[in-house]
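What the coordinates show
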Amino acid sequence: MGSQEVLGQAARLASSGLLLQVLFRLITFALNAFILRFLSKEIVGIVNVRLTLLYSTTIFLAREAFRRACLSGSTQRDWRQTINLLWLTVPLGVFWSLFLGWVWLRLLEVPDPNVVPHYGTGVVVFGLSAVVELLGEPFWVLAQAQMFVKLKVIAESLSVILKSVLTASLVLWLPHWGLYIFSLAQLFYTTVLVLCYVAYFKKLLGFPKSAKQQMLPVSRMTDLLPSILRSRAFVNWEEAKLTWSFFKQSFLKQILTEGERYVMTFLNVLNFGDQGVYDIVNNLGSLVARLIFQPIEESFYIFFAKVLEREKDATLQKQEDVAVAATVLESLLKLALLTGLTITVFGFAYSQLALDIYGGAMLSSGSGPVLLRTYCLYVLLLAINGVTECFTFAAMSKEQVDRYNFTMLALSSSFLVLSYLLTRWYGSVGFILANCFNMGIRIMQSLYFIHRYYRESPHRPLAGMRLSPVLVGAFALSGGITGVSEALLCCEQGWLFRLAHVAVGAVCLGATLGTAFLTETKLIHFLRTQLGVSRLADKRT
């Protein structure tokens, strides 16, 4: 498969993922806004911080390294060995869920049962749900490797929507159940997610003459189960070694990704109510990151991993592939920078209004608006880091990955210390400031790697980090106008003034996007080209 074909598939995966995720996320957004009206801040803090951290830590430690290793390198692999390796995530998940469950029950502060009932049941069920989700790991990796465009988005979005519907129904009808509601909904979510993948492959493998089925490296459902290989080892040891390298990196990355929740959970710097408000604002602020940046990062990580060879410098690889990778990276950097700047500039003036609409006075008063404004700056760094790291992790050799782990170790330690200190000084805003510092360091590491990678070639993908002065001026002018609009029109003078404030923002946004359209012609050409490829591929399928 040529680099242009792989690029087309990656663009198709990202664009289709964006459209479907926007639709499904909007439905979930409305359901969550409804649920918030019936919950206390303490319940939100326990579920969204304490229990979700247990689930995400178990999942991340058990599968992240396997995913990266099994999606890297050549497509010419023995998939029976790869599938065997992926099934090792299940016993690993059982180990982590038992160990972390014991920590959550015995070593951490237990909430008041009168305020948050059934905490012990919540710990057990959230740990069980992580193990259930790992049962679908071979199906997920195979689907990603084959670039099945809509399966991942539909499966995950459908699961989230059904989970939200179940939660909203139980909160409305059986509010006294407490954590039983969220535990049952979490287990239901992971079960539906796994069943979606299993049902899809069962149906696909039932039609042996279909084009998609003939491209698969498996021919029946039993091929997706672990098996003993007579002529080969149970797993590919090169993949296993790469998995171990990624596991060490994943452990550190998890600390960096969820660092503020670990500090909140283990050091008790915020009470459960403040944790709840912080997490709601954090989830609202990261909504765009999950909708836009995550599909792009996941799709183009696969593209870079297939086009580039890990153990070779850029000058020793096929130059057509290196050139395509450089062009794509430059365009993605520009897209991430523009998207992040738009969110940062306009987010400052519309944070309080967004929180008031989403959660009422519980969020729009107090520290909520300051948190969301600070988070808008963090989103800019998230956007850039997602693109730079997706290239860096796809192009690094095993030795470079190991060296990068030492850097991540030092960064993890400094991040945790900085989070604790800044939170003591500035409250919950300190978590976001520490995250900004952490993300800035990671971006610099990745930019340094990209610079060295292309140093001996004629390509300069980091040019995507530069904007025209006219566009920078448009952003600055829009920020100033919307800031004045917020001071004069929002948010205590009624809905008519709020709508006027929104109208001012819409005009400024349109002017800024128009300026970007006129000045960033190379990016516009890239987007038009790839969206055209995506639509053509959709018509053919």
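Treat the numbers as computed from the prediction; the structure is a model and nothing was measured.

How each quantity is defined
- Residues numbered from 1 in each chain as written.
- Predicted model: local features only at pLDDT ≥ 70, side-chain atom pairs only at ≥ 80, totals over all residues.
- Heavy atoms only, no water.
- Helix = DSSP H or I, 4+ residues; strand = E, 2+ residues; numbered from the N terminus.
- Buried < 20%, exposed > 50% of the residue type's maximum accessible area, 1.4 Å probe, protein only.
- Contact = heavy atoms within 4.5 Å.
- Areas by Shrake-Rupley, 256 points an atom, 1.4 Å probe, with all protein chains shown as cover.
- Phe/Tyr/Trp six-rings, centres within 6.5 Å; stacked < 30°, edge-to-face > 60°.
- Lys NZ or Arg CZ within 6 Å of the ring centre and 35° of its normal.
- pLDDT = per-residue confidence, 0-100.
- Axes fitted to C-alpha atoms, helices over the stretch in contact; angles between N-to-C directions.
- Parallel < 35°, antiparallel > 145°, perpendicular 65-115°, else oblique.
- Nonpolar A, V, L, I, M, F, W, Y, C, P; charged D, E, K, R; others polar.
- Patch = residues over 30% accessible without salt bridge, like charges linked within 9 Å, V, L, I, M, F, W, Y side chains within 5 Å.
- Salt bridge = Lys/Arg side-chain N within 4 Å of Asp/Glu carboxyl O.
- Core = buried A, V, L, I, M, F, W, Y, C linked by side-chain atoms within 4.5 Å.

A few words on the overall build of the protein. Counting its regular elements, the protein contains 21 helices and zero strands. Counting across all 541 residues of the protein, residues that qualify as buried make up 57%. Taking as baseline every contact in the protein between residues at least 6 positions apart, the subset at least 24 positions apart corresponds to 82%. Split by element, the accessible area of the protein, about 23800 Å² in all, is 67% carbon and sulfur.

Throughout the structure, instances matching the rule amount to 18 aromatic pairs. Judged by centre distance (5.6 Å) and plane angle (15 degrees), the ring pair of W244 and F247 falls under stacked. With W244 and F247 both in helix α10 (residues 237-257) and three residues apart, this pair spans about one turn of that helix. An aromatic cluster of three or more residues is present, and its members are F303, F304, F391, F449, Y453 and Y454. Over the ring of Y189 we find K163, and its NZ or CZ is 5.4 Å from the ring centre. Seen from the ring of W495, R498 lies directly overhead, with NZ or CZ sitting 4.6 Å from the centre.

Another point: the confidence of the model for the protein. In the predicted model, the protein carries a mean pLDDT of 83, and 90% of its residues have values of at least 70. Looking across the protein, the model is least confident in helix α9 (residues 211-215), with a mean pLDDT of 64, and most confident in helix α5 (residues 119-134), with 96. Below pLDDT 50 for its whole length, residues 533-541 participates in nine contacts with residues either more than four positions away or in separate chains.

As a packed pair, helix α13 (residues 287-307) and helix α14 (residues 319-359) sit with axes 11 Å apart at the nearest point and diverge in direction by 170 degrees. In terms of their interaxial angle, α13 and α14 are classed as roughly antiparallel. Here V288, I292, F293, I296, F300, F303, F304 and V307 of α13 lie close against α14, whose contacting residues are D321, V324, A325, V328, L329, L332, L335, T339 and I343. Classifying every residue of the contact of α13 with α14 by side-chain character gives 15 nonpolar, one polar and one charged.

Not every positive phi belongs to a glycine, and H118 is a case in point at roughly 65 degrees. Looking at the element boundaries, H118 is found in the loop between α4 (89-106) and α5. On the accessibility criterion, H118 (29% relative accessible area) is partly exposed.

Glancing now at a nonpolar patch on the surface. A cluster of nonpolar side chains, namely V417, L421, W425, Y426 and L433, defines an oily patch on the protein surface of about 530 Å² accessible area. If one sorts the elements of the nonpolar patch by residue count, helix α17 (residues 398-426) sits on top with four residues. Mapped onto the elements of the fold, Y426 is located in helix α17.

This next bit is on the nonpolar core. Counting 147 residues, the largest nonpolar core has W104, L179, F201, F304 and F391 as its most contacted members. Dropping the residues within four chain positions of it, F304 is found in contact with A325, V328, L329, L332, C390, F391 and A394. Listed in part, the five residues of the second largest apolar core include A349, L353, C490 and C491.

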